[in-house]
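# Reading the structure
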Amino acid sequence: MNFIILNGPNLNLLGKREPEVYGHRSFEDFLEELQKKYTEHSIRYFQSNHEGALIDTLHEYGFQVDGIVFNAGAYTHTSIAIADAIRAIPAPVIEVHISNVFKRESFRHHSVLAEACLGSISGFGLDSYRLAIEALVNQPR
Ligand code: DQA
């Protein structure tokens, strides 16, 4: 199966950014391990700090891949344009968060994307991405 992981704003700084919340590991390091675990699947990766670039990537891969794992960062809580892009594509999208957003500030409790997604995973650190891949692999086709 073919998957893509999309990371939104500020997630390029994983490992350096608020390590007490997001951990000490870079995403590139984690991705290498994930790709080694799922050698029978293709897992691409794209990160952008720009809303439009994330939308363009959803449009590009949303008609090709078997599933998208998406951490939209703070756009989760605000971007109707990203929610509409998720609704526009046939690939199932799983919303992921490294932190448990429900244990944090109240503005993080609402996701404008969740309704457009197959499901959401929050609070398991970087393992949230692996859980999402596992859920996509187990999806009935
Ligand atoms: C996040 C949670 C968001 O509220 C925040 O804006 C992020 C990261 C997470 O992975 O826990 O940038 O999506």
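Summary of the structure given here. Source: prediction; values computed, not measured. (Residues numbered from 1 in each chain as written. Predicted model: local features only at pLDDT ≥ 70, side-chain atom pairs only at ≥ 80, totals over all residues. Heavy atoms only, no water.)

### With respect to the site of the ligand
Around the ligand lies a shell formed by Arg-17, Tyr-22, Asn-71, Gly-73, Ala-74, His-77, His-97, Ile-98, Ser-99, Val-101, Arg-104 and Arg-108. In this structure, an oxygen atom belonging to the ligand sits 2.7 Å away from a main-chain N or O atom of Ile-98. The side chain of Arg-108 places a nitrogen or oxygen atom 2.9 Å from an oxygen atom of the ligand. In isolation the ligand exposes 320 Å². Once the protein is present, 99% of that is buried. (Near = heavy atom within 4 Å. Polar contact = N/O pair within 3.5 Å; in protein donor to acceptor, adjacent residues only side chain to side chain. Areas by Shrake-Rupley, 256 points an atom, 1.4 Å probe, with all protein chains shown as cover.)

### Here's the deal with the environment of Leu-6
Along the polypeptide, Leu-6 turns up in strand β1 (residues 2–7). When the C-alpha positions of Leu-6 and Tyr-22 are compared, they lie 16 Å apart, and in sequence the two are 16 residues distant. Sequence-distant contacts of Leu-6, defined by excluding residues within four places in its chain, comprise Phe-46, Leu-54, Thr-57, Leu-58, Ile-68, Val-69, Phe-70 and Asn-71. (Helix = DSSP H or I, 4+ residues; strand = E, 2+ residues; numbered from the N terminus. Contact = heavy atoms within 4.5 Å.)

### Remarks on the sheet that holds strand β5 (residues 119–122)
Pairing in this open sheet of five strands is parallel, and the strands run β2-β1-β3-β4-β5 from one edge to the other. Bordering the open sheet on either side are β2 (42–47) and β5, each of which pairs with just one other strand. Averaged over all pairs of adjacent strands, the angle between their axes in this sheet comes to 20°, without regard to strand direction. Relative to β5, strand β4 (residues 93–97) runs parallel, the two sharing four bridges. Along β5, the bridge assignment pairs Ile-94 with Gly-119. (Pairing = 2+ DSSP bridges. Axes fitted to C-alpha atoms, helices over the stretch in contact; angles between N-to-C directions.)

### Considerations on helix α5 (residues 127–137)
Within α5, the full set of buried residues consists of Ser-128, Tyr-129, Ala-132, Ile-133 and Leu-136. For α5, the arc enclosing every buried residue in end-on projection is 140°, short of the 170-degree limit, so these residues lie on one face. Of the surrounding secondary structure, the elements contacted by the buried residues of α5 are β1, α2 (27–37), β2, β3 (67–71), β4 and β5. (Buried < 20%, exposed > 50% of the residue type's maximum accessible area, 1.4 Å probe, protein only. Arc of directions from axis to C-beta.)

### A look at the side chain of Glu-95
Along the chain, Glu-95 falls in strand β4. Despite its burial, Glu-95 remains without a salt bridge, the nearest opposite charge being carried by Arg-87 at 10 Å. Within polar-contact distance, the side chain of Glu-95 engages the side chain of His-97 at 2.6 Å. For Glu-95, the residues in contact, after removing those within four places along its chain, are Phe-70, Thr-76, Ser-111, Leu-113, Ala-114, Cys-117, Gly-119, Ser-120 and Ile-121. (Lys, Arg positive; Asp, Glu negative; His and termini not counted. Salt bridge = Lys/Arg side-chain N within 4 Å of Asp/Glu carboxyl O.)

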